[in-house]
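A structural walkthrough
Take a look at the letters that make up each chain.
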Amino acid sequence: MRLAVAALVGVVACHGGDDAGDDAPSAPLVVAAPTAPATTTLAPAMPPKKPSWSFVVLSDLHLPNPKREVIDHILTAIIAMSPRPRFVILAGDHTNGNPWNPPALVAGSIYWWKVVAAALQPLRDAHIPVLPVAGNHDSYLPGQRAHYAATFDLKAWAAPFEVHGAVARGEIGAPPFSYGVDVDDVHFSFVHNVQEWLDKDVASWLADDLADASKARIRIVVSHAPWHTVIAHERTQFAAQMGGILEGGNANLYLSGHEHLFWDEDFALPHGHTLRQVMTGCVSGWYNYGPNKDELAAAHCTKIVVPGKVAPLACAMPHGGGAFMLALDHHNREIEHARIELTVITVPPDGTAVEATPMTLDATNKLVPWYLGAEPHADQRGDSQRGSSGSTR
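Here's what I pulled together on the structure shown here. (Residues numbered from 1 in each chain as written. Predicted model: local features only at pLDDT ≥ 70, side-chain atom pairs only at ≥ 80, totals over all residues. Heavy atoms only, no water.)

Brief notes about the packing of aromatic side chains
The description of an aromatic ring pair rests on the distance of the ring centres and on the angle between the ring planes. Counting across every chain of the model gives 22 aromatic pairs. With 6.1 Å between their ring centres and 80 degrees between their planes, tryptophan 227 and phenylalanine 267 make a pair best called edge-to-face. Remark: phenylalanine 267 occurs in strand S9 (residues 263-268) and tryptophan 227 occurs in the loop between strand S7 (218-222) and helix H7 (236-248); sequence separation between them is 40 residues. Between tryptophan 263 and phenylalanine 324, the aromatic rings sit 5.8 Å apart at their centres with planes inclined by 80 degrees, giving edge-to-face as the arrangement. Here the residue tryptophan 263 occupies a position in strand S9, and phenylalanine 324 occupies one in strand S13 (residues 323-328), the gap between them amounting to 61 residues. Overall, the relative accessible area of 1% leaves tryptophan 263 in the buried class. What links up through ring pairs into an aromatic cluster is the set Trp53, Phe55, Phe87, Phe161, Tyr179, Phe188 and Phe190. The lysine or arginine in question, arginine 86, covers the ring of tryptophan 53, its NZ or CZ lying 4.8 Å from the ring centre. Seen from the ring of tryptophan 157, arginine 124 lies directly overhead, with NZ or CZ sitting 4.3 Å from the centre. (Phe/Tyr/Trp six-rings, centres within 6.5 Å; stacked < 30°, edge-to-face > 60°. Helix = DSSP H or I, 4+ residues; strand = E, 2+ residues; numbered from the N terminus. Buried < 20%, exposed > 50% of the residue type's maximum accessible area, 1.4 Å probe, protein only. Lys NZ or Arg CZ within 6 Å of the ring centre and 35° of its normal.)

Considering the pairing of strand S12 (residues 313-316)
Burial of the side chains of S12 is restricted to one face: Leu313 and Cys315 are buried, whereas none of Ala314 and Ala316 on the reverse face is. Relative to S12, strand S11 (residues 302-303) runs antiparallel, the two being bridged by two bridges. Its bridge partner being in S12, threonine 302 is matched across the sheet by alanine 314. In terms of strand pairing, S12 meets S13 through four bridges, oriented antiparallel. In the sheet register, cysteine 315 faces S13, and the bridge partner there is phenylalanine 324. Taking the residues between adjacent antiparallel strands as the criterion, S12 and S13 are bridged by six residues, where glycine 320 takes a positive phi near 95 degrees. (Pairing = 2+ DSSP bridges.)

A word on the pairing of S13
Pairing of S13 with strand S14 (residues 334-336) involves three bridges; the strand directions are antiparallel. Paired with leucine 328 across the bridge in S14 is glutamate 334. Where S13 hands over to S14, the hairpin turn is made up of five residues, of which asparagine 332 adopts a positive phi near 65 degrees.

Nothing here speaks to function; it is geometry throughout.
Take a look at the structure:
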């Protein structure tokens, strides 16, 4: 701080030579009053603005499958993201189990889970937490559920985040099938919903978990199956049941996989509100599905005339209006232009308006925007990315 120094100002009488005798009185010495020290008012220090942060959603690994290399490239690209995501959510169907699998196949499918764990090991080596839910192909039979639970020891995979759950809720109403995680002031409810049917233990757990998170700034619900289907016929009873729990618990966002396409839309809740659902597509693009007629209308899909070719559809995602295209595959399904897909969710420092950004891989295995027009990228990866007729979601 600058301090003012008091100046002494002397007024000296001029001597008039011989006319001014030595006895002439001298002019008085005038001393200026010292000035007050200058002060500077500092504005109160503003707290540093909290940054936004992100996490990644992957779904439907379906390992082992011929596209394992694509999954490896995606995990490498995630680890290279800057800033790095705080964690990765796996939205189910890690393997390929089915309800008709004989006991010997279920027992031998422990090998599948070793493939899953090995594929995900780079994330653990990079100290990126992994938060999973089971899919229908992971949990039809007791042996399949046992393999899932043995593979995902949440204390190790989710660290350093603490997992909350109640063992008294039964097998699928407790970790690692249904559980809660708090990240700062954001609460995540991981719920075992694999086929648009809600078990009573799971339903009661989810209602209680959301109620316990009433003070969280954002409440995000994650499951394998969506709350609202976009490829099949709606199960209205399930949608109403799940919607009532979500609305009563003031959920802000619903994340899912299962239907092997990316979709972002706001759906009506039972009592007049809406809730955004973001569905993540098949991470490897192994096989894919297309939206039903109602969703084609919701996306305002229109034909693009290409002489000599089957007309593709130009569409706009219902939430946000991002541009994408649909084209018929050899199973006569309207398939999205970029089959390989993952979703980056960005959480703002305040408020509840999260950002969902679908991404895909370009020809050099770099992550690029999935929506058309955001950045040039490889839209197609050839027939090898298209599904087999024996695949089930």
